[in-house]
Amino acid sequence: MSFINGAVLVLSGPSGAGKSSLIKKIEDEIGAYYFSISTTTRPMRKGETHGVEYYFVDKEEFKKDIEDDMFLEYALVHGNYYGTSLKPVKKALEEGKLVLFDIDVQGNNAITNRLGDITTSVFISPPTLSELKKRLYARATDSDEIINTRLQMAELEIQRVSEYDFLIINDTLDVAAKQLLKIAHTARLKKPLDQINDFVYTWKDLED
Ligand code: 5GP
């Protein structure tokens, strides 16, 4: 795929790591961006709105979208399907925006394979597993069973941090937000491979 000036910033990390709070903190300072709203089959949580956090659909609709090739990537996470729609991402990249993804490690892998030359990836983690547990219980949006599944998932995900360009340990929100802002600005400077090749070609040409 070839996109003029857009870039991708993938954010992963356990639910409760503070990804949404961090995005909120930096959103006014990162310039034109598009936050990719995923489609999911997981039930809507209290306080969530269709089309804001996610597009909530049933399994049949999700499967139809897979068949229709609507997703840039999709994955089964905690027993529910989550997918990134291709169309709005393509449009945002063509408009030169920074596209933010909140996706899991499987999604990062898929995006890096497809859009690696313009992708920067960040894993956001609470300082410890026990701190994560504390935050999930304090949030009180999930049942004990779901919290346990999330903690187990977090233990698996943390094993794959080395697949990311950056690790942000979200101990103090302000410090973590400053780090993420710097990374977001730098992510924009990534040049797509075709632009690099054009540059090299022209550069050589000028030398002749
Ligand atoms: P939650 O249910 O807490 O909103 O999200 C659960 C997990 O699904 C998180 O790790 C989140 O990053 C991941 N996720 C959300 N949307 C997508 C998506 O479109 N693709 C993939 N691969 N993972 C997603």
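Residues numbered from 1 in each chain as written. Predicted model: local features only at pLDDT ≥ 70, side-chain atom pairs only at ≥ 80, totals over all residues. Heavy atoms only, no water.

## Looking at the site of the ligand
Taken together, 18 residues lie around the ligand, and Ser 38, Arg 42, Tyr 54, Glu 73 and Tyr 82 are the ones closest in. The contact in question runs from a nitrogen atom of the ligand to an N or O atom on the side chain of Glu 73, over 2.7 Å. Between the ligand and Thr 84 there is a distance of 3.2 Å, counted from an oxygen atom to a side-chain nitrogen or oxygen. Within the residue set of the shell around the ligand, elements represented by two or more residues are strand 5 (71–77) and strand 6 (80–85). Taken together, the residues that form the shell around the ligand break down as 5 nonpolar, 6 polar and 7 charged. The two domains that each donate at least three residues to the shell around the ligand are domain 1 (1–32 + 97–203) and domain 2 (36–94). (Near = heavy atom within 4 Å. Polar contact = N/O pair within 3.5 Å; in protein donor to acceptor, adjacent residues only side chain to side chain. Helix = DSSP H or I, 4+ residues; strand = E, 2+ residues; numbered from the N terminus. Nonpolar A, V, L, I, M, F, W, Y, C, P; charged D, E, K, R; others polar. Domains from an automatic or database assignment.)

## With respect to a nonpolar patch on the surface
Taken together, Leu 193, Ile 196, Phe 199, Val 200 and Trp 203 make up a surface patch of nonpolar side chains, about 510 Å² in accessible area. By secondary structure assignment, the location of Ile 196 is in helix 8 (residues 193–207). Using a relative accessible area of 36% as the deciding quantity, one classes Ile 196 as partly exposed. (Patch = residues over 30% accessible without salt bridge, like charges linked within 9 Å, V, L, I, M, F, W, Y side chains within 5 Å. Areas by Shrake-Rupley, 256 points an atom, 1.4 Å probe, with all protein chains shown as cover. Salt bridge = Lys/Arg side-chain N within 4 Å of Asp/Glu carboxyl O. Buried < 20%, exposed > 50% of the residue type's maximum accessible area, 1.4 Å probe, protein only.)

## Some details on the pattern of salt bridges
Inspection of every chain in the model, using the stated rule, returns 14 salt bridges. In this structure, Arg 150 and Asp 142 form a salt bridge, with 3.2 Å as the shortest nitrogen-oxygen distance. A relative accessible area of 8% places Arg 150 in the buried class. A residue is classified by how much of its surface remains accessible, and Asp 142, at 15% relative accessible area, is buried. Through salt bridges with shared partners, a single ionic network connects Arg 42, Arg 45, Glu 48, Arg 139, Asp 142 and Arg 150.

## Concerning the pairing of strand 8 (residues 119–125)
Across the 7 residues that make up strand 8, a large majority, 7, are buried. Two strands pair when backbone bridges link them, and strand 1 (residues 7–12) and strand 8 are joined in this way by 5 bridges, in the parallel orientation. Directly across from Leu 11, in strand 8, lies its bridge partner Val 122. (Pairing = 2+ DSSP bridges.)

## As for the packing of helix 1 (residues 19–26) against helix 7 (residues 173–187)
In the contact formed by helix 1 and helix 7, the axes pass within 9 Å of each other and the chain directions differ by 65 degrees. As the angle between them shows, helix 1 and helix 7 are arranged roughly perpendicular. Handedness of the crossing formed by helix 1 with helix 7: right-handed. Two secondary-structure elements touch here, helix 1 through Ser 21, Leu 22, Lys 25 and Ile 26 and helix 7 through Leu 173, Asp 174, Ala 176, Ala 177, Leu 180 and Leu 181. Of the residues that constitute the contact of helix 1 with helix 7, the class distribution is 7 nonpolar, 1 polar and 2 charged. (Axes fitted to C-alpha atoms, helices over the stretch in contact; angles between N-to-C directions. Parallel < 35°, antiparallel > 145°, perpendicular 65-115°, else oblique. Left-handed = near helix turned anticlockwise from the far one by under 90°. Contact = heavy atoms within 4.5 Å.)

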